[in-house]
Amino acid sequence: MISIRNVLVLGAGKVGGTVADMLADYHRIPVTLADRDPPRRAPDDPLVRRTVLDVEDTATLAAALAGHQLLINALPFQQAGRVAAAARALGVHYLDLTEDVAATRVIRGLADGADTVLMPQCGLAPGVIGMLGAHLAGRFDDLHDLHLRVGALSRHATNGLRYNFTWSIDGLINEYCHPCAAIVQGQPVSAQPLEGYETLVLDGDTYEAFNTSGGLGTLCETLAGRVRNLDYKTLRYPGHRDAMALLLHDLRLAERRDLLRQVLEHAVPHSREDVVIVFASASGLRGGRLEQETRMGRIQGGRLRGVDRTAIELATAAGVVGVFELLRTGRLPARGFVGQEQAALEDFLATRVGSCYAALGEPGSGAASASPHRGATFAHTWPPQPRRRARQQPQP
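Read on for an overview of the structure. Here the structure is a predicted model, which means the values were calculated and not measured.

**Regarding the packing of helix α1 (residues 14-27) against helix α10 (residues 311-328)**
The description of two packed helices rests on the angle between their axes and on the distance between the axes. Running from amino to carboxyl end, α1 crosses α10 at an angle of 45°, the nearest separation of the two axes being 9 Å. Between α1 and α10, the interaxial angle falls into the category oblique. Crossing geometry of α1 relative to α10 is assigned as right-handed. When α1 is examined against α10, the residues Lys14, Val15, Thr18, Val19, Met22, Leu23 and His27 are found in contact with a partner set consisting of Glu313, Leu314, Thr316, Ala317, Ala318, Val320, Val321, Phe324, Glu325 and Arg328. Each residue belonging to the contact of α1 with α10 can be placed in one class, and the counts come to ten nonpolar, three polar and four charged.

Structure, rendered in structure tokens:
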């Protein structure tokens with residue numbers, strides 16, 4: 001058990017605000033929500049206190065950390081190293097949502113000899129998808145292939161990109177431009193983003209998938225020597241990859257990312273009508289027989305503390321808030337670097353926010369709202385309703 005009485009959340013954007021409200025609603029714990037921009041409104045909230053903070057001011061950041069036992073960093077990935085170093089120096093536990101490989105490497109170095117936990121990559125991918133991958137890997141005597149797919153998609157895509165922004169522009173550019181870790185025939189490799197193209201049908205809908213950076217977190221290291229082939233790919237609607245390849249490679253905007261950001265921000269609309277799709281497929285030997293096991297879930301948006309939230313906001317926030325509960329209740333290591341796959345999937349699904357990912361649970365268990373092989377959908381009611389054991393459905 002770790003005593004956490006006050007939490008500091010850095011970054012009062014859509015995800016950071018959802019994290020703060022989810023902590024307050026589910027755990028009734030005081031939260032300080034800090035951002036460099038003054039809040040547009042200052043609601044009378046007994047649990048979430050809003051404040052202005054510039055993390056580049058070292059003294060101000062240190063003062064903000066005082067009196068808090070846990071920091072959740074929801075700032076852009078460029079700030080991760082600075083903020084993690086400050087938390088480590090002041091003995092404050094650290095969680096973040098970064099997908100950036102370089103930032104995670106820095107944080108891992110900071111964790112050597114630390115008396116507190118430094119656990120980056122606590123969102124969806126990397127994050128929950130790593131828990132799911134490790135869980136499926138442990139269900140085989142000899143694991144051959146593990147394929148992990150995640151898509152944060154607008155429900156209606158009518159432009160040439162077949163895409164609207166549902167999350168960070170900088171995060172998307174980052175994952176489309178950096179090398180991607182994978183394991184091929186038992187050997188760790190660095191694959192190129194946008195390569196490894198495939199099409200697949202999930203629950204009757206057609207998607208494309210391709211390599212993107214950072215989604216596996218530290219899973220390649222964890223499963224080294226235990227899997228023949230491991231990869232992570234992003235799901236999109238067909239046509240998106242080719243359009244992005246034109247921008248990034250043919251027009252060479254991968255070399256001018258500031259300009260790429262301007263173009264995308266000017267031309268591609270943001271949408272709050274989204275859906276998150278999580279899919280995993282594992283195959284290997286079990287009891288001497290070649291078998292395959294899949295899990296699939298769809299996450300929809302919903303209301304939390306009277307505010308409409310998107311699917312990606314809820315899915316990302318639930319990842320880190322679930323990890324917070326596991327850390328607080330002693331189901332994670334109490335110090336040093338912690339990878340996402342060190343959190344057992346069944347423990348995570350049993351947390352107060354675990355029902356967000358209920359469809360990823362064991363087939364036929366009370367954790368799943370329907371058969372995950374049929375693409376179960378979890379439409380949020382916040383707070384989630386108590387789980388009921390699923391009725392066994394006759395198989396066709």
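**Thoughts on the sheet that holds strand β5 (residues 93-96)**
Pairing is parallel in the open sheet, where seven strands are placed in the order β3-β2-β1-β4-β5-β6-β17. Of all strands in the sheet, those with a lone pairing partner are β3 (48-52) and β17 (336-337), marking the two edges. Its contacts with the sheet place α1 against β1 (7-10), β2 (31-35), β3 and β4 (70-73), and it is angled at close to 170° to β2.

**Here's the deal with the pattern of salt bridges**
Evaluated as defined, the whole model comprises 25 salt bridges. A salt bridge links Asp21 to Arg305, with the shortest nitrogen-to-oxygen separation between them at 3.0 Å. With Asp21 in helix α1 and Arg305 in the loop between β15 (302-304) and β16 (307-309), this residue pair connects regions lying 284 residues apart in the sequence. Among the ionic pairs, Arg305 bridges to Asp25, the shortest N-O distance being 3.6 Å. Highlighted residues: Arg305 in the loop between β15 and β16 and Asp25 in helix α1, separated in sequence by 280 residues. Overall, the relative accessible area of 28% leaves Arg305 in the partly exposed class.

**Considering the side chain of Thr116**
Assignment of secondary structure puts Thr116 in the loop between α4 (101-110) and β6 (117-119). What Thr116 contacts, discounting residues up to four positions off in sequence, is Gly91, Val92, His93, Ala334, Arg335 and Gly336.

**So, the pairing of β5**
Residues of β5 alternate between two faces, with His93 and Leu95 on one and Tyr94 and Asp96 on the opposite face, all of them buried. Where the polypeptide runs from β5 across α4 and back to β6, its parallel neighbour, the crossover connection is right-handed.

**Some points on the side chain of Ser271**
One can find Ser271 in the loop between α9 (257-267) and β13 (274-286). Among the polar contacts made by the side chain of Ser271, one reaches the main-chain amide nitrogen of Glu273 at a distance of 3.1 Å. When near neighbours in sequence (up to four residues on either side) are disregarded, Ser271 contacts Ser154, Asn164, Phe165 and Thr166.

Rules used in this analysis
- Residues numbered from 1 in each chain as written.
- Predicted model: local features only at pLDDT ≥ 70, side-chain atom pairs only at ≥ 80, totals over all residues.
- Heavy atoms only, no water.
- Axes fitted to C-alpha atoms, helices over the stretch in contact; angles between N-to-C directions.
- Helix = DSSP H or I, 4+ residues; strand = E, 2+ residues; numbered from the N terminus.
- Parallel < 35°, antiparallel > 145°, perpendicular 65-115°, else oblique.
- Left-handed = near helix turned anticlockwise from the far one by under 90°.
- Contact = heavy atoms within 4.5 Å.
- Nonpolar A, V, L, I, M, F, W, Y, C, P; charged D, E, K, R; others polar.
- Pairing = 2+ DSSP bridges.
- Salt bridge = Lys/Arg side-chain N within 4 Å of Asp/Glu carboxyl O.
- Buried < 20%, exposed > 50% of the residue type's maximum accessible area, 1.4 Å probe, protein only.
- Right-handed = clockwise from strand over helix to strand, strands pointing away.
- Polar contact = N/O pair within 3.5 Å; in protein donor to acceptor, adjacent residues only side chain to side chain.

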